[in-house]
Structure formats: structure tokens, C-alpha cells
Amino acid sequence: MGLKKKLLLLGILCMAAAIGPAVRLEQTVGGGAVMEISQKPPLVALTFDDGPRNSTTGRLLEGLALREVPATFFLVGSRIPGSESLIQEMAAAGHQIGVHTFDHIQVTELSHRDFDLQVGKTRALLADILGSRDFWLRPPYGIVDATARQWADGPLILWSVDPEDWKDSDVNRIVATVTEQAEDGDIILMHDIYDSSVDAALRIVDTLLARGYCFVTVEQLMQLRDTAPERGALYTSLPPGR
Ligand code: NI
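Caption draft 1: Local environment of the packing of helix α2 (residues 54-67) against helix α7 (residues 195-210). The geometry of α2 relative to α7 is characterised by a closest axis approach of 9 Å and an angle of 10° between their N-to-C directions. Relative to α7, α2 is oriented roughly parallel. Contact residues: T56, R59, L60, G63, L64 and R67 in α2; D195, V198, D199, A201, L202, V205 and D206 in α7. For the contact of α2 with α7, the residue count by class is six nonpolar, two polar and five charged.

What follows is the structure in C-alpha cells.
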């Protein structure tokens, strides 16, 4: 089987296993009793902040499509004009799209009016392109307070694995950090505006798929973990049995 087909198959198989009923393995134990083991694949959500950037985000979308892997993108509003078709492509491929403010600004520094402009203007731009839907917020730098949580008008998505991919362009370091740390239910933070991050993300996908991990959007991760998104709540990861 060619690499392309093999990667696609891994992505589709893990998705089917994650969404479908638990695979039941019957195992005969001592005394002839039959033990049932439920097996669900471990899940991770890859998330990308600070885009879109046509060159790098476009290449990432191609790589994810080849592997049939969904991700979540938190977009910066000021970067949206000029990337409309890319964003349409993103949504059509099944990726989740959220907002990361208009100017990539720390939300705890904002008045209520400016918060609404930063988040609302970005949501309105996305609604123009994709139609009205929920666009969850990831606050820049992960900094929020009780007031901003109240203003967010939806769940706020943080992360549990951060390879600091903006710090250098060392693809090997980024891949190693994520593949060593990732566990079932993790939300991984990366940035799709760097070529090195795109290279690292695709290698991370290949490594974790080969380990039996399944990639889902943050929304799918919450659904599969029976967690209803709450307005103003912060989510960093969704481990099993939460
Ligand atoms: Ni950011």
C-alpha cells in the first residue's frame, strides 16, 4: 500500500473507532470465565493559533487532508481578509474554526466595549464567510479572568500540551516534545503561521496515528467525552473518565 493510502486509512479507521461503539474484545481468563474489554482509541485535538497565513496554513490543510485528520483553528480577525477561500476550504474539510481576537490582544486589558469589538468583529467576519455558527474563543496567551469569561459568550478553549513552537524552528524538538507528552484527551497548541510548525504538526500526526491515536476537533473531543460546552467555562484537556 502506498504511503498516501496508508495514512488516509489510519485516519479514517481511528475516526470510525472513536465515534462507533467500543470494540469488544472477549478474552478467556482463568477458570474459563470470559472477560470483556472495551477498547476506545485515545483521542487528541490538534489546535492552531494566530493564522490564517495563506502559504503555511494552505500547506497544512493539504497535509491534513492527505491524512483525513481534522484540527481546530483559532483565527486572528485582522488576518482574515485575503484568506476567505482558504477559510472556506478549512470549514469544508471538517476543521473547527474559532476566534483568537481581531488584533491578537490580551483580553484582560480590554474594556467591555473593546472586548466585544475584538471578538465580535472576528466572529462577524467569519459568519460572512461561513454563515452563522458558534465560533469558540481561545484568548491570546491563555490569559483570562472572570470578567472576560463572562463576556466570551461561549466556552473558552485553552490547552494541555505546548511545545512552544514559536520559540525556534527546531522541528525535531517540537515533534519530540509533543509525542513524548501527549496523552488521551490532550489539546495540543501549535501555530500554523510557521513552516517549521507545519512540518512538525504533520510528523506529529503520523507518529501518533501509528501509535493508535485518533485526531478530533475540540468540539468532537467534548462530544466523545460526554461534556456539554458551557458558556464561560475553561477547557484545557478532556481526559477519559473526567
Ligand atoms: Ni496567539
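Caption draft 2: Structural view of the packing of α2 against helix α3 (residues 84-92). Put simply, α2 and α3 touch, their axes get as near as 11 Å, and they point 20° apart. Relative to α3, the element α2 is oriented roughly parallel. Two packed elements cross with a definite hand, and for α2 against α3 that hand is left-handed. Note on element contacts: α3 touches α2 through L86, E89 and M90, opposite N54, T57, G58 and L61.

Caption draft 3: Structural context of the coordination of the nickel ion. Protein coordination of the nickel ion is provided by D50 (OD), H100 (NE2) and H104 (NE2), with donor distances spanning 2.0 to 2.2 Å. Look at where the donors of the nickel ion fall in the sequence and you get D-x49-H-x3-H. Separated by 54 residues along the polypeptide, D50 in the loop between β3 (43-49) and α2 and H104 in the loop between β5 (96-99) and α4 (112-130) bring together distant segments of the chain.

Caption draft 4: Representation of α7 in the model. Taking 1.5 Å per residue as the helical rise, α7 with its 16 residues ought to reach 22 Å, and the 23 Å between its terminal C-alpha atoms agrees with that figure. Of the positions making up α7, those classed as buried are S196, S197, V198, A200, A201, L202, I204, V205, L208 and L209. Positive backbone phi, approximately 95°, marks G212, located one or two places after α7.

Caption draft 5: The pattern of salt bridges, seen in detail. Taken as a whole and assessed by the stated rule, the structure comprises eight salt bridges. D49 is paired through a salt bridge with R138; the nearest N and O atoms lie 2.8 Å apart. Taken together, the residues D49 in strand β3 and R138 in the loop between α4 and α5 (146-151) connect sequence positions 89 residues apart. Here D49 matches R138 in class, with each residue buried. D168 is the partner of R173 in a salt bridge, and the nearest nitrogen-oxygen pair spans 3.0 Å. With a relative accessible area of 24%, R173 lands in the partly exposed category.

Caption draft 6: Spatial organisation of the environment of N54. Tracing the sequence through the fold places N54 in helix α2. N54 sits 33 residues away from I87 along the chain, and the two C-alpha atoms are 9.5 Å apart. The residues contacting N54, other than those within four sequence positions of it, are G82, S83 and L86. Among the polar contacts listed, one links the side chain of N54 to the backbone oxygen of G82, at a separation of 3.2 Å.

Caption draft 7: Quick look at the pairing of β5. Side chains of β5 alternate between two faces, with Q96 and G98 and I97 and V99 buried alike. Across four bridges, the pairing between strand β4 (residues 72-75) and β5 is parallel. Its bridge partner lying in β5, T72 is registered against Q96. For the segment spanning β4, α3 and β5, crossover handedness is right-handed.

Criteria and cut-off values
Chains are numbered independently. Their residues run from 1 in the order of the written sequence. Whole-chain, interface and lining totals are the exception, using all residues; otherwise, since this is a predicted model, local features are given only for residues with pLDDT of at least 70 and side-chain atom pairs are given and counted only at 80 or more. To get the side-chain values, all heavy atoms of the structure are used, and hydrogens and water are removed first. Geometry is summarised by axes, namely lines fitted to C-alpha atoms with helices restricted to the contacting stretch, and by angles between N-to-C directions that run from 0 to 180 degrees. Only runs of H or I of at least four residues qualify as helices and only runs of E of at least two qualify as strands under DSSP, and these elements are numbered from the N terminus. Oblique is the label for every angle not falling under 35 degrees (roughly parallel), over 145 degrees (roughly antiparallel), or within 65 to 115 degrees (roughly perpendicular). Here, residues are in contact when the closest pair of their heavy atoms is within 4.5 Å. Polarity classes work like this: nonpolar for Ala, Val, Leu, Ile, Met, Phe, Trp, Tyr, Cys and Pro, charged for Asp, Glu, Lys and Arg, and polar for all others, with Gly in that last group. Left-handed describes a crossing whose near helix is turned anticlockwise from the far helix by less than a right angle; the clockwise case is right-handed. Metal coordination here is assigned from N, O and S atoms located within 2.8 Å of the ion, or within 3.2 Å for Na, K and Ca; omission of water means that sites may look incomplete. By this rule, a helix spans an expected 1.5 Å times one less than how many residues it contains. Think of it in three bands: with a 1.4 Å probe and only protein chains considered, a residue is buried below 20% of the maximum accessible area for its type, exposed above 50%, and partly exposed in between. The term salt bridge refers to a side-chain nitrogen of Lys or Arg lying within 4 Å of a carboxyl oxygen of Asp or Glu. Between N or O atoms, a polar contact is any pair within 3.5 Å; within protein, one atom must be a potential hydrogen donor and the other a potential acceptor, and residues adjacent in sequence are included only when both atoms are from side chains. Whether two strands pair comes down to DSSP finding at least two bridges between them. For a crossover, the right-handed case is the one in which the path from the first strand over the helix to the second runs clockwise, viewed with the strands pointing away from the viewer.

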